[in-house]
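Examining the three-dimensional arrangement
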Amino acid sequence: MSEPVEQTSRGAPALRLHRELAAIWATGPGLQRLAAVNHSVIGMRMMITSFTFFAIAGVLGMLTRVQLATPNAAFMDPETYNQVFTMHGSMMLFLFAIPMVESFAVYLTPKILGTRDFAFPRLTAYGYWCYLFGGTILTVSLIAGVAPNGGWFMYTPLSSNVYTPGINADVWLLGVTFVEISALSLAMEIVVSILKIRAPGMSLDRMPIFGWYILVTALMMVVAFPPLILGSILLEIERAFGLPFFDPTRGGDPLLWQHLFWLFGHPDVYIIFLPMAGALSTIIPVFAGRPLVGYRAIVVAIVALAFLSFGIWVHHMFTVGIPHLALAFFSAGSAIVAVPTAVQIFAWLATLAHGKPRWSVPMLYVFGFFFIFVMGGLTGVMLAMVPFDWQAHDTYFVVAHMHYVVAGALAFPMLAAFYYWLPLLTGRTAVHRLSVPAFWLVFVGFNLTFFMMHLTGLLGMPRRIYTYQGNEGWNWLNLLSSVGGFVMTIGFALVVIDLFVQLRYGRRVRRNPWGAATLEWAMSIPPAPYAFASIPHLTRTGAIAPDDLAPSLARGEGYLGFTRNGWQETLGVNMTTGEPEQLIVLPQPTYLPLFTALATAAAVLTLLFKFYLLTLVAALVTAGMFVFSGHRAGLARDFGPIPVGQGVNLPPHTEVAEAPAWLALICTLVADGTLFTSLLFGAFYLWIAAPNWPAAITPEPSRMLALLAVATLAVAAAAARGSLRAVATGGRARGWIGLAVLALLAAIAAVVELIVGVAPHPREHALGATAAALLGYVALHAGIGLLFLVSNFLRIGAGFIASRRITDLRLTRLWLDYTLVTGAIAMGLVLALPALVTMLGARP
């Protein structure tokens, strides 16, 4: 039998329960706020930070419109314009659009799913700090005059050392990669939390539609971001160390960058759109007064949209010389992708048609979205047709289309969601005397700005130019676009003023002012750090009634309606059925995410300024802090099934096989596998398509060293299995862990020896650079395996690993199995490169 667990307030009055929960979940005052890990705090910080970057990016956009308002303008010189133009696009995409989407998900998803927090609060905090520090690096570079100046797309060879010799391009490559670490961390957090932490009884087919949108979006992030991260790493290696992945004179190919960039870039359009569509699918039924039409059809549509979006990245490369058969395939795919989007739009229209819409402020922005997005979709179908795209590709028509699809699909639903959920944050509603004029200023200004760009594009105005002569017939259209930009800016400023006025003078509201049927309204307004005093159980029949459910939850009549041991508790459920499976004990506030992010930032900055020895030190410190942060995570003894309320006993997450950490590592390996697949794609692409192959020197990699590396990786994987069996049967695992460490060290030594002997030299030809990249991938993952083993050793000594608590060892086994498989594939390709090169022969 497990030992009894203290329960300090079962059956206590509701007020006492709330006080105890508030004490357990609260973030301390003053500097202790920097230790916050609660999703509500982090979500709010992300929203405020992303709005700040949006304001900066908006000012930069207005500066470009001032420059282009009249011909031959001298407002900015070409270098300044290039920096401003590049930073406008980069900040809007990487520092506003994606983080804003994730901030909505971080703040709202646990509340909508009826739970208290995410699975890994420290990872959420780390993701935020990485985002803040990465965005700060990019912003400071603009002030210092060394901002990126090669366009937000960073096409090679323009971004190579030859044409951008300073650190401008390095700022983009390192800063954006830093921000992408944040985005990827939060995406994996969101996937695991949606699948494992929901209100009991909330099966996947009963999950609110917002949860489906966020889940699909986060899965897309897990798969879409690694190609861009890989491309940025390869380009930075080329710039810093001279390995010619994109240099056509040494066997590289500039088009490889475009492929890697748009493997991220095209799905990213839908990554931005889908969460906002989720907000629309939540808001429209509320204001229509009837349930959403076509729930299952919409779920199928968004899953189909996710799959299709990954198969049409060449949509952005029709003019680079793609074979005609490929052009036809990607053109058809680009048109077909409009079908699942249309399914969603028709479902929304059907919901409105069958209901009685209330035209409150959120619905004004929904109306604006319909107009904007349909127009953007129509121009998207036009650009999907290859002959038209050839004519319009490098003109302002594409700029207009992109803003209608990306900016319109983000801004108008975002503002609708902002006004819809603002009472949840503030307890007040908007002041209509300001919010309605603000909408019309934004709507009219947006269309005046970007509709004119369609016309300038059709008249032949190229994009990315900083001035024009004035005899082309564009003058009045550019002037109207600039005027529209100022009108739109005034509208956004009025929205901000409306927010501050609402905080002071807005009408106070009680719970659920809109009459919604989702769980975020079944809590106090504004919500407490613990969200729900007790967690609801959803029955299989009937809709959710927040007004009826809220009082019982506040009285502690759901699950976990009591406090225990000072733990922050929530429930883990079966991924599909939603049945409760485990008690999840969450970590308390800590400064470790902040310090780990600072160490990561130090590694990025020292790499930027080429202090490579300090970079190595900072990277080791970062790795050490990750090991240290997990050193005492979890529970140090067995508890067995613990009461969670409603007559149910559940084991803690440390004693179950399907713990959130297990699913998190699977998500990590999916992302890592996508990066590895992208690296393989790059190797085969250069082999097939790059000019100046083969190299003057035929590579002759050592088969003996390659076999030794694979054999030692296999020994390490077997030793990890041995340690798992030993602990599971009550034995000792340190001998097995020591064997695995020695095997990994031998594997790393063999791989390093192979890298030293790569021919041709990695700086001389892309063939050698490709082999070095594949071998470096293996060495890096073997090194990470060492960190897993060190963590296992420390946690066994601290008592956190035992026969019933073996999740750590299972994670290590999975990581080393993955390292073995990818290492064998990488070694096989390195050994096969000489034969592959001979097979195709010389190319000009």
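A brief report on the enclosed structure follows. Residue positions are counted from 1 within each chain, in the order its sequence is given. For a predicted model such as this one, the threshold for reporting local features is a pLDDT of at least 70, and the threshold for listing and counting side-chain atom pairs is 80 or more; totals across whole chains, interfaces and linings nevertheless cover every residue. Remark: hydrogens and water are excluded; side-chain values derive from all non-hydrogen atoms of the structure.

1. A short note on the overall build of the chain
Spelled out, the test is: A run of H or I in DSSP becomes a helix once it reaches four residues, and a run of E becomes a strand once it reaches two; helices and strands are each numbered from the N terminus. Both definitions apply: the radius of gyration is a C-alpha atom measure, and the globule rule equals 2.2 Å times residues to the power 0.38. Any pair of residues with heavy atoms lying within 4.5 Å of one another is described as a contacting pair. The Shrake-Rupley method, run with a 1.4 Å probe, gives the accessible areas here. Residue values count only the displayed protein chains as cover.
Across its full length, the chain holds 23 helices and four strands. Taking 2.2 N^0.38 as the reference for a compact globule, 844 residues should give roughly 28 Å; the C-alpha atoms of the chain span a radius of gyration of 28 Å, in line with that estimate. For the chain, the spread of C-alpha atoms along the three principal axes comes to 80 × 70 × 50 Å. Sequence separation of 24 or more characterises 81% of the internal contacts of the chain that already satisfy a separation of 6 or more. A total of about 31,400 Å² of accessible surface is found on the chain, and carbon and sulfur atoms cover 71% of it.

2. Some thoughts on the packing of aromatic side chains
The following threshold applies: For this analysis, a ring pair means two rings from Phe, Tyr or Trp (six-membered ring only for Trp) whose centres lie within 6.5 Å, classed as stacked if their planes differ by under 30 degrees, edge-to-face if by over 60, and tilted for the remaining angles. Only protein chains enter the accessibility calculation, which uses a 1.4 Å probe; a residue is then buried when its area is under 20% of its type maximum, exposed when over 50%, and partly exposed in between. Charges are assigned to positions over rings by a cutoff of 6 Å between ring centre and Lys NZ or Arg CZ, combined with an angular limit of 35 degrees from the ring normal.
The full count for this structure, using the stated rule, is 62 aromatic pairs. Each ring, one from phenylalanine 367 and one from phenylalanine 443, has its centre 5.7 Å from the other, and the planes form 40°; the classification is tilted. On the criterion of sequence distance, the pair formed by phenylalanine 367 in helix H11 (residues 361-384) and phenylalanine 443 in helix H14 (residues 432-458) is long-range, its members being 76 residues apart. Classification of phenylalanine 367 by relative accessible area gives partly exposed; the value is 35%. Considering the side-chain rings of tyrosine 420 and tryptophan 521, the 5.7 Å spacing of their centres and the 85° angle between planes classify their relative orientation as edge-to-face. In this pair, tyrosine 420 sits in helix H13 (residues 396-426) while tryptophan 521 sits in the loop between helix H15 (475-505) and helix H16 (546-554), placing the two residues 101 residues apart along the sequence. According to the relative accessible area criterion, tyrosine 420 is buried, its value standing at 0%. On the basis of relative accessible area, tryptophan 521 is assigned to the buried category, the value being 0%. The ring centre of tyrosine 107 lies 3.9 Å from the NZ or CZ of lysine 111, which sits over that ring. Across the ring face of tryptophan 662, the terminal group of arginine 810 is positioned such that the distance to the ring centre comes to 4.0 Å.

3. A few points about the nonpolar core
Quick reminder of the rule: Here, the term nonpolar core denotes a set of buried Ala, Val, Leu, Ile, Met, Phe, Trp, Tyr and Cys residues that are joined through side-chain atoms within 4.5 Å.
Counting 266 residues, the largest nonpolar core has Trp257, Trp348, Tyr365, Phe412 and Trp421 as the members making the most contacts within it. No other element matches the 21 residues that helix H7 (residues 255-288) contributes to this core. Those residues in contact with tyrosine 365 that lie beyond four places of it in its chain are Phe412, Leu415, Ala416, Tyr419, Ser435, Ala438, Phe439 and Val495. Counting residues in hydrophobic clusters, the runner-up holds twelve residues, among them Ile535, Tyr559, Leu635 and Val644.

4. Here's the deal with the environment of glycine 485
Inspection of the secondary structure assignment puts glycine 485 in helix H15. Along the chain, glycine 485 and methionine 382 lie 103 residues apart, while their C-alpha atoms are 25 Å from each other. Those residues in contact with glycine 485 that lie beyond four places of it in its chain are Met62, Gly445 and Thr449.

5. Considering unusual backbone geometry
Look at the link from isoleucine 525 to proline 526: it is a cis peptide, with omega at -10°. Cis peptide bonds are those with omega within 30 degrees of zero, and the linkage from alanine 759 to proline 760 qualifies with -10°. Among the structural elements, proline 760 can be located in the loop between helix H21 (734-756) and helix H22 (766-797). One non-glycine residue, methionine 154, adopts positive backbone phi at about 55°. Its location among the elements puts methionine 154 in the loop between helix H4 (121-144) and helix H5 (168-196). A relative accessible area of 1% places methionine 154 in the buried class. Residue asparagine 565 is not a glycine yet carries a positive backbone phi of 60°. Within the fold, asparagine 565 resides in the loop between H16 and strand E1 (568-573).

6. Quick look at a nonpolar patch on the surface
As a reminder of what qualifies: Each patch is built from salt-bridge-free residues with over 30% relative accessible area, joining like charges within 9 Å and nonpolar side chains (Val, Leu, Ile, Met, Phe, Trp, Tyr) within 5 Å. Any carboxyl oxygen of Asp or Glu that lies within 4 Å of a side-chain nitrogen of Lys or Arg is treated as forming a salt bridge with it.
A cluster of nonpolar side chains, Leu31, Leu34, Tyr591, Phe595 and Leu598, forms an exposed patch at the surface whose accessible area comes to about 460 Å². You can see leucine 31 is positioned in the loop between helix H1 (14-25) and helix H2 (39-68). A relative accessible area of 64% places leucine 31 in the exposed class.

7. Quick look at H21
Defined as follows: One fewer than the residue count of a helix, multiplied by 1.5 Å, yields its expected span.
Over its 23 residues, H21 extends 33 Å from the first C-alpha to the last, a length consistent with the 33 Å expected when each residue adds 1.5 Å. By the burial criterion, the buried members of H21 are Ile737, Ala740, Ala743, Leu744, Ala747, Ala750, Val751 and Leu754. Each element contacted by the buried residues of H21 is listed here: helix H20 (703-728), H22 and helix H23 (807-840).

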